[in-house]
Amino acid sequence: MNAVVERVRAVQYAVARVSVAPLLVRAAVFVIVFAGFVLAFPAEVLSGRTILFLAVAALLPAFGPRRIWATFTALVTVGGWLLATDGYGRPVALWRLLAIAALLYLGHTLCALAALLPYDAVVDPELITRWLVRSAAVLLGAAVLGVLLLQAAGTGGEVGHQWVTVLGLLVAVATAALLGWLLRRR
């Protein structure tokens, strides 16, 4: 019985030490991942149990940013986009594609920040601001470069190739696997 009482006291002590900044970062992870789900999935699917499943899935990287959940939710988002374009015939719109890519990147980078911050960390707001400004600069540069490359190639507008999306997903998974292998090799 003493072991249970000690665990309860340890949990109460840990909860009392939680600071606001790490919780806000984790809440932002949830909001951004969930927004990515809503934007990627077709509106016909977003009702009842599906929206509840997506909300629970968006909570997973917020609670476990060091685990596989960030990758899992990114794959679910891409799967929702593929379902919307292939299964429901939604046209590939550049704004939606850029928005989903931006939300995927923001979710990933905020998971990285949340993984670095313990729950009881005292964080200078400037650190989070600089992190977000750097992320915004990356997003802006990638969006501008992507649009310029699409215009230069003449493939903008309604033309889209599904195999390019699948190939990009395979390259991303292969890169993650390679990085994981290199990390374990150390």
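What counts and how
- Within each chain, residue numbers correspond to sequence positions counted from 1 in written order.
- Given that the model is predicted, a residue must reach a pLDDT of at least 70 before its local features are reported, and side-chain atom pairs must reach 80 or more before they are shown or counted; all residues, however, enter totals for whole chains, interfaces and linings.
- Each side-chain value is derived from all of the structure's non-hydrogen atoms; neither hydrogens nor water enter the calculation.
- Numbering goes from the N terminus for both helices and strands, where a helix is a DSSP run of H or I of at least four residues and a strand is a run of E of at least two.
- Here the term buried applies to any residue with accessible area under 20% of the maximum for its type, exposed to any over 50%, and partly exposed to those in between, with areas from a 1.4 Å probe on protein chains only.
- Areas reported as accessible are Shrake-Rupley estimates using a 1.4 Å probe. Residue values count occlusion only from the protein chains shown.
- The convention is simple: Lys and Arg are positive, Asp and Glu are negative, and His and the chain ends are not counted.
- Where a charge lies is defined by one atom per residue type, namely NZ (Lys), CZ (Arg), CG (Asp) and CD (Glu).
- The rule is short: rings of Phe, Tyr and Trp, with Trp giving its six-membered ring, pair when the centres are within 6.5 Å, and they are stacked under 30 degrees, edge-to-face over 60, tilted in between.
- As a rule, the C-alpha atoms of each element are fitted with a line to give its axis, helices using only the stretch in contact, and angles between N-to-C directions run from 0 to 180 degrees.
- Any angle from 65 to 115 degrees is called roughly perpendicular, while one under 35 is roughly parallel, one over 145 is roughly antiparallel, and all others are oblique.
- Less than a right angle of anticlockwise turn of the near helix away from the far helix marks a crossing as left-handed, whereas a clockwise turn marks it as right-handed.
- Contacts between residues were defined by any pair of non-hydrogen atoms, one from each residue, lying within 4.5 Å.
- Under the scheme applied here, ten amino acids are nonpolar (Ala, Val, Leu, Ile, Met, Phe, Trp, Tyr, Cys and Pro), four are charged (Asp, Glu, Lys and Arg), and all others, including Gly, are polar.
- Surface patches are defined over residues having more than 30% relative accessible area and no salt bridge, joining like charges when they lie within 9 Å and nonpolar side chains (Val, Leu, Ile, Met, Phe, Trp, Tyr) when within 5 Å.
- Each salt bridge in this description consists of a side-chain nitrogen of Lys or Arg and a carboxyl oxygen of Asp or Glu lying within 4 Å of one another.

Considering the overall build of the protein
So, point 1. The helix and strand inventory of the protein stands at 7 helices and 0 strands.
So, point 2. Ordering the α and β elements of the protein from the N terminus gives α-α-α-α-α-α-α.
So, point 3. Its C-alpha atoms give the protein principal-axis dimensions of about 70 × 40 × 35 Å.
So, point 4. Taking all 186 residues of the protein together, 28% fall into the buried category.
So, point 5. Total accessible area computed for the protein in this model is approximately 12200 Å², and 71% of it derives from carbon and sulfur atoms.
So, point 6. On the protein, the mean spot of the 14 positive side-chain charges and the mean spot of the 7 negative ones are 10 Å from each other.

As for the packing of aromatic side chains
So, point 1. Applying the stated criterion across every chain, the model contains 3 aromatic pairs.
So, point 2. Seen from their ring centres, Phe-37 and Phe-41 are 6.4 Å apart, and the 80 degrees between their planes marks the pair as edge-to-face.
So, point 3. When the ring of Trp-69 is compared with that of Phe-72, the centres are 5.8 Å apart and the planes differ by 85 degrees; the resulting orientation is edge-to-face. Here Phe-72 and Trp-69 lie together in helix H4 (residues 69-87), a separation of 3 residues that amounts to about one turn.

As for the packing of helix H2 (residues 20-40) against H4
So, point 1. Running from amino to carboxyl end, H2 crosses H4 at an angle of 15 degrees, the nearest separation of the two axes being 8 Å. On the basis of the axis angle, H2 is roughly parallel to H4. The chirality of how H2 crosses H4 is left-handed. Of H4, the residues touching H2 (which contributes Val-33, Gly-36, Phe-37 and Ala-40) are Thr-73, Val-76, Thr-77, Gly-80, Trp-81 and Ala-84.
So, point 2. Among the residues making up the contact of H2 with H4, the classes are represented as 6 nonpolar, 4 polar and no charged.

Topic: a nonpolar patch on the surface
So, point 1. Nonpolar side chains collect at one region of the surface, where Met-1, Val-4, Val-5 and Val-8 lie side by side and expose about 390 Å² of accessible area between them.
So, point 2. Residue placement: Met-1 occurs in the segment before helix H1 (2-17).
So, point 3. The exposure class assigned to Met-1 is exposed, which follows from its relative accessible area of 79%.

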